[in-house]
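As a plain string of letters, each chain reads:
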Amino acid sequence: LENPDAAKELYGEQYRPLQIEAANVTDAMSGVADQERKEALEHSITVRRYGKLAMAGLMAVFFVTGISLSFLISRSICTPIVRMAGSMTRAAHGEVSERLDLDERADELGDLSRAINATYGYVDEMSRVATALAGGDLNVQVTPRSSTDTFGKAFSLMVEKLVNVISDVRNG
């Protein structure tokens, strides 16, 4: 290829068409890559949008569930406490015939209900003793429930003193 015109001709016939074809293939590949990039971007935007909607939906479900659970839990705690407070208020005014129906609970509120009912039972028992004494029955027996039962000890001492006083009066 010592002849520059022959080299130009060979370049124009063999290499230039290949160069143009390579540029066309490169352009086509760039176009395909751009199209793929656009489609991938649109897909990721769609997935992100659905992800946001799913997250918002889950948050709403958790929020509603949390509110419902807190309502149920507070109701299962507050309602018995309000009932017990009302019962104790009535007992403070002398009404001790009521019994709470929460004894079956296995929690602290059940413990409190059992203690309140036991207290009502004790006051009721002492009330029957006082009524019997007022009716002249000195044969009643009062046994204090513990060494710290000041109410039971006082009633026991009162019965004992009354028996002694009446015995002294009879014996003259």
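Values in this document were obtained by computation on a predicted structure and should not be read as measured data.

A.B. asks: When you look at a nonpolar patch on the surface in this model, what are you seeing that I'm missing?
C.D. replies: On the surface, a nonpolar cluster with roughly 570 Å² of combined accessible area is contributed by L69, F71, L72, I73, I77 and I81. Topologically, I81 is positioned in helix α1 (residues 4-92).

A.B. asks: Looking at this model, I keep getting lost on the packing of aromatic side chains. Mind explaining?
C.D. replies: To describe a pair of aromatic rings, you give the distance between the ring centres and the angle between the ring planes. Scanning the model with the defined rule gives two aromatic pairs in all. Aromatic pair Y122 and F151: ring centres 6.0 Å apart, planes at 75°, arrangement edge-to-face. Residue Y122 is located in helix α2 (residues 108-134), and its partner F151 is located in helix α3 (residues 150-171); the two are separated by 29 residues in the primary sequence. Classification of F151 as partly exposed rests on a relative accessible area of 39%. An angle of 70° between the planes, with centres 5.2 Å apart, marks the rings of F151 and F155 as edge-to-face. On the criterion of helical spacing, the pair formed by F151 and F155 is a turn pair, its members being four residues apart in helix α3. Members of the aromatic cluster, joined through ring pairs, are Y122, F151 and F155.

A.B. asks: It is not clear to me how the pattern of salt bridges should be interpreted in this structure. Could you clarify?
C.D. replies: Evaluated as defined, the whole model comprises seven salt bridges. We note a salt bridge from D101 to R83, for which the minimum N-O separation is 2.3 Å. You can see D101 sitting in the loop between α1 and α2 and its partner R83 sitting in helix α1, a full 18 residues away along the chain. Taking relative accessible area as the criterion, R83 reaches 36% and is therefore assigned partly exposed. Here R128 ties to D124 by a salt bridge, and the two come within 3.3 Å at their closest N and O atoms. Taken together, the residues R128 and D124, both in helix α2 and four residues apart, mark about one turn of the helix.

A.B. asks: Sorry if this is basic, but what is going on with the packing of α2 against α3 here?
C.D. replies: When two helices pack together, their arrangement is given by the angle between the helix axes and the distance between those axes. Interaxial distance between α2 and α3 falls to 12 Å at its minimum, and their mutual angle equals 10°. Taken together, the axis directions place α2 and α3 in an arrangement best described as roughly parallel. Across the interface between the two elements, Y122, M126, V129, A130 and L133 of α2 pack against F151, G152, F155, M158, V159 and L162 of α3. Here the residues of the contact of α2 with α3 sort into 10 nonpolar, one polar and no charged.

A.B. asks: Can you walk me through α3 in this structure?
C.D. replies: Along an α-helix, residues three or four apart share an orientation, since each turn contains 3.6 residues. With 22 residues, α3 ought to run about 32 Å at 1.5 Å a step, and its terminal C-alpha atoms sit 31 Å apart, in line with that. Within the sequence span of α3, burial applies to G152, F155 and V159. End-on, the buried residues of α3 take up no more than an arc of 65°, which puts them together on one face. Relative to its buried face, α3 has exposed residues pointing more than 90 degrees away, namely T150, D168, V169 and N171. At its buried positions, α3 is contacted by α2.

Parameters and conventions
Think of each chain on its own: its residues are numbered from 1, step by step along the sequence as written. Owing to the predicted nature of the model, reporting of local features is limited to residues with pLDDT of at least 70; listing and counting of side-chain atom pairs is limited to 80 or more, with chain, interface and lining totals taken over all residues. With hydrogens and water set aside, each side-chain value is computed from the structure's full complement of heavy atoms. Like charges within 9 Å and nonpolar side chains (Val, Leu, Ile, Met, Phe, Trp, Tyr) within 5 Å are joined into patches, using only residues over 30% in relative accessible area that form no salt bridge. In these tables, accessible area is a Shrake-Rupley quantity obtained with a 1.4 Å probe, and a residue counts as shielded only by the protein chains included in the view. A pair is scored as a salt bridge if a Lys or Arg side-chain nitrogen falls within 4 Å of a carboxyl oxygen belonging to Asp or Glu. Numbering goes from the N terminus for both helices and strands, where a helix is a DSSP run of H or I of at least four residues and a strand is a run of E of at least two. Here a pair means two rings of Phe, Tyr or Trp (six-membered ring of Trp) with centres within 6.5 Å. Their orientation is stacked below 30 degrees between planes, edge-to-face above 60, and tilted elsewhere. Only protein chains enter the accessibility calculation, which uses a 1.4 Å probe; a residue whose area is less than 20% of its type maximum is buried, one above 50% is exposed, and one in between is partly exposed. Helix axes are fitted to C-alpha atoms over the stretch in contact, other axes to C-alpha atoms as well, and angles between N-to-C directions run from 0 to 180 degrees. Working definition: roughly parallel below 35 degrees, roughly antiparallel above 145 degrees, roughly perpendicular at 65 to 115 degrees, and oblique for all remaining angles. Between two residues, a contact is recorded if the distance between any of their heavy atoms is within 4.5 Å. Classification convention: Asp, Glu, Lys, Arg as charged; Ala, Val, Leu, Ile, Met, Phe, Trp, Tyr, Cys, Pro as nonpolar; all other residues, Gly among them, as polar. Take the residue count of a helix, subtract one, and multiply by 1.5 Å to get its expected span. Working definition: the arc comes from the directions between the helix axis and the C-beta atoms, pointing outward to the latter.

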